Amino acid sequence: MRRGIAPVLGSTIRAAEFVRSARIKPLSVSPSRSSFQRRVAGRRIEGLGRAGKRVVIELAGGDRIVFEPRMTGLVLLAAPPSEEHLRLRLTLAGRAKPSELLFWDRRGLGTLSLLDPAEFARRLGPDTLGPDALELDPALLEARLGASKRPIKVALLDQRKLAGVGNIYAAECLHVARIHPIRPCASLKPAEWRRLHAALEDVLGEAIRYEGSTLNDGTYRNALNVEGGYQSCHRVYGREGGACSRCRGRGRVERIVLGQRATFFCGRCQR
DNA sequence: CGTTCAACCTGGGCGC
DNA sequence: TGCGCCCAGGTTGAAC
C-alpha cells in the first residue's frame, strides 16, 4: 500500500473531504473530522511510511496521517471499487501527479487519525507495536516470542510482540517453516526459530512482490484498484480439505480456530 | 499476567 | 427469490 501511493510524495494537500453515503456508517476519525480538515489543508506530503499494518503520510510540520485499513480498507490513487464505500478524498495539488488520494472501506472497520509527533510516538510506539516482521533476525524473533506458552500462531498475530503479520501470512509462514500452529512458543527449538524467521522473510517478501492476496470476496486491491496475485500461491490458507503441496496428497489441509481466527495447516508435515 | 469473547460494520456464499 | 446463518487480510476492551 505504501509503495502504491509513492507518486503523491511531494504533493500538497488542498483539502480533505469526508465522503458519506446513506446507509453506510461514517468513517471513524481521530481526533475529529473538523480538526483533521483544518490541520491537513495546505500541507505538503514529505514522507510515506508504514507502522506495522498502518500506512503513514508524513506532513510538513511533523503531523502524520495514519490509515488503519483493518479488514477491507484501501488507500487508492485510482477510482474505487464502489462509490458507496468511499470514505475520504484528499485533493492534491502538484503537476503530473495524482490529483487525489482516496480511502475506501467496505466494512468500515478501518480508522483514520492525525497525530503530532508526540502522539505518534505514544500511540504507535514500542508499547503498542513490536519490531517489524521484516526487520528481525532469528535471535530477536525468539527473544520476542520465545518465553510465551501461547500457541505460536496466536503469538505471531500479536502486534505488540511483532508488527505486521496477519492471519493469512501467519498460516503460510508456519507451513513453510513446518511448525504446527498450536505449538507453544516456548517449545520451539533454535532450528525452528531459524526456519520461522526465514519463512517470514520469504513469504512476506513474495507476497509483497505479488502485491497481496485478493480473496474470494475480491476486496483487496492495490493503489490502482488492481487485484493482488499472492492468493494463487497460498499453500494452506483457505484450502481446507485440499492436498498439502509438500506432502503430495499424503496430508490434507485442516482448519481449526485459534484465538478466534481461522487457522489452516497440514497436520502431517507441520509438527 | 494470560485467555476468551463480544463488539465494531458490510456483504458474499451457502443451505433450505 | 428470500431468509437465516456463517464467514471474512483486524483491533479493542471487558470479564474471568
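A quick note: this is a predicted structure, and the numbers were derived from the prediction, not measured.

What counts, and at which threshold
Counting of residues starts from 1 at the beginning of each chain's written sequence and follows it residue by residue. Chain labels run from A onward and ligand labels from 1 onward, assigned in the order the entries are written. The model is predicted, so local features are restricted to residues of pLDDT at least 70 and side-chain atom pairs to those at 80 or more, both for listing and for counting; the totals for chains, interfaces and linings are taken over all residues. Side-chain metrics in this entry use all non-hydrogen atoms of the structure; hydrogen atoms and water are not considered. In this description a helix means any DSSP run of H or I spanning at least four residues, a strand means any run of E spanning at least two, and both kinds are numbered starting from the N terminus. To get the radius of gyration, use the C-alpha atoms; to get the globule rule, take the number of residues to the power 0.38 and multiply by 2.2 Å. Whether two residues are in contact is decided by their heavy atoms, any of which lying within 4.5 Å being enough. Per-residue and other accessible areas were derived by the Shrake-Rupley procedure at a 1.4 Å probe size, with only the shown protein chains allowed to occlude residues. Note that His is not counted, nor are the chain ends; the positive residues are Lys and Arg, and the negative ones are Asp and Glu. Positions of charges follow a simple convention, taking NZ of Lys, CZ of Arg, CG of Asp or CD of Glu. Burial classification: accessible surface area is computed with a 1.4 Å probe over protein chains only, and a residue below 20% of its type maximum counts as buried, one above 50% as exposed, and the rest as partly exposed. Whether two strands pair depends on DSSP finding at least two bridges between them. Every axis in this analysis is a line fitted to C-alpha atoms, fitted for helices over the stretch in contact. Angles between the N-to-C directions lie between 0 and 180 degrees. Whether a residue is near a molecule or strand depends on its heavy atoms: if one lies within 4 Å, it is near. Throughout this description, a polar contact denotes any pair of N or O atoms lying within 3.5 Å of each other; where both atoms belong to protein, one of them has to be capable of donating a hydrogen while the other can accept it, and for residues adjacent in sequence the pair is counted only when both atoms sit in side chains. Residues are grouped as follows: nonpolar covers Ala, Val, Leu, Ile, Met, Phe, Trp, Tyr, Cys and Pro; charged covers Asp, Glu, Lys and Arg; every other residue, Gly included, is treated as polar. Should an angle fall under 35 degrees it is taken as roughly parallel, and over 145 as roughly antiparallel, whereas 65 to 115 is taken as roughly perpendicular and any remaining angle as oblique.

With that settled, consider the overall build of chain A. Along chain A, the regular secondary structure elements total six helices and 11 strands. The C-alpha atoms of chain A give a radius of gyration of 20 Å, which matches the 18 Å a tight globule of 271 residues would have. Contacts in chain A between residues far apart in sequence, at least 24 positions, make up 63% of those at least 6 positions apart. A total accessible area of about 13,200 Å² is found for chain A, and carbon and sulfur atoms account for 48% of it. Here chain A contributes 47 positively and 27 negatively charged side chains, and the mean placements of these two sets differ by 4 Å.

We now examine the environment of Val8. Structurally, Val8 is set in the segment before β1 (12-18). The class for Val8 is buried, based on a relative accessible area of 0%. Along the primary structure Val8 and Lys97 are separated by 89 residues, whereas in three dimensions their C-alpha atoms are 6.6 Å apart. With residues near it in sequence (within four places) discarded, Val8 still touches Ile45, Leu48, Leu77, Leu92, Pro98 and Leu101.

Burial runs high along helix α5 (residues 167-176): nine of the 10 residues are buried. When we look at burial in α5, the residues that qualify are Asn167, Ile168, Tyr169, Ala170, Ala171, Glu172, Cys173, Leu174 and His175. Immediately beyond the C-terminal end of α5, within one or two residues, lies Arg178, with a positive phi of roughly 60°.

What follows is about the sheet that holds β1. Read across the open sheet, the four strands follow the order β1-β7-β8-β6; overall the sheet is antiparallel. Bordering the open sheet on either side are β1 and β6 (73-76), each of which pairs with just one other strand. This sheet shows a mean twist of 15° between the axes of neighbouring strands, independent of strand direction. Those strands touched by helix α1 (residues 33-40) are β1 and β7 (86-93), and its axis lies near 165° from that of β1.

With that settled, consider the protein's contact with DNA strand C. Around DNA strand C, a shell composed of 18 residues is seen, among which Lys53, Ser213, Tyr220, Tyr237 and Arg261 lie nearest. For DNA strand C, a base nitrogen lies 3.3 Å from a polar atom in the side chain of Arg70. Contact distances for DNA strand C include 3.0 Å between a base nitrogen and a side-chain N or O atom of Tyr169. At the level of elements, α5 and β11 (261-266) are the ones that each hand at least two residues to the surface near DNA strand C. When residues in the surface near DNA strand C are grouped by element, the largest group, three residues, is from α5. Residues that form the surface near DNA strand C fall into these classes: six nonpolar, six polar and six charged.

Next up on the list: the environment of Ser213. Its location among the elements puts Ser213 in the loop between α6 (190-209) and β10 (253-258). In the structure, Ser213 is positioned 21 residues away from His234 in sequence and 8.7 Å away in space, judged by C-alpha atoms. Once you skip the residues sitting within four places of it in the chain, Ser213 turns out to touch Ile168, Tyr169, Tyr220, Tyr230, Gln231 and His234. Separated by 2.7 Å, the side chains of Ser213 and Tyr169 make a polar contact.

Once that is clear, we can look at the packing of helix α3 (residues 138-145) against α6. Close contact between α3 and α6 brings their axes to 9 Å; oriented N to C, the two are set at 105°. Classified by the angle between their axes, α3 and α6 sit roughly perpendicular to one another. Note on element contacts: α6 touches α3 through Trp193, Arg194, Leu196, His197 and Leu200, opposite Pro138, Leu141, Glu142 and Leu145. A class-by-class count of the residues in the contact of α3 with α6 yields six nonpolar, one polar and two charged.

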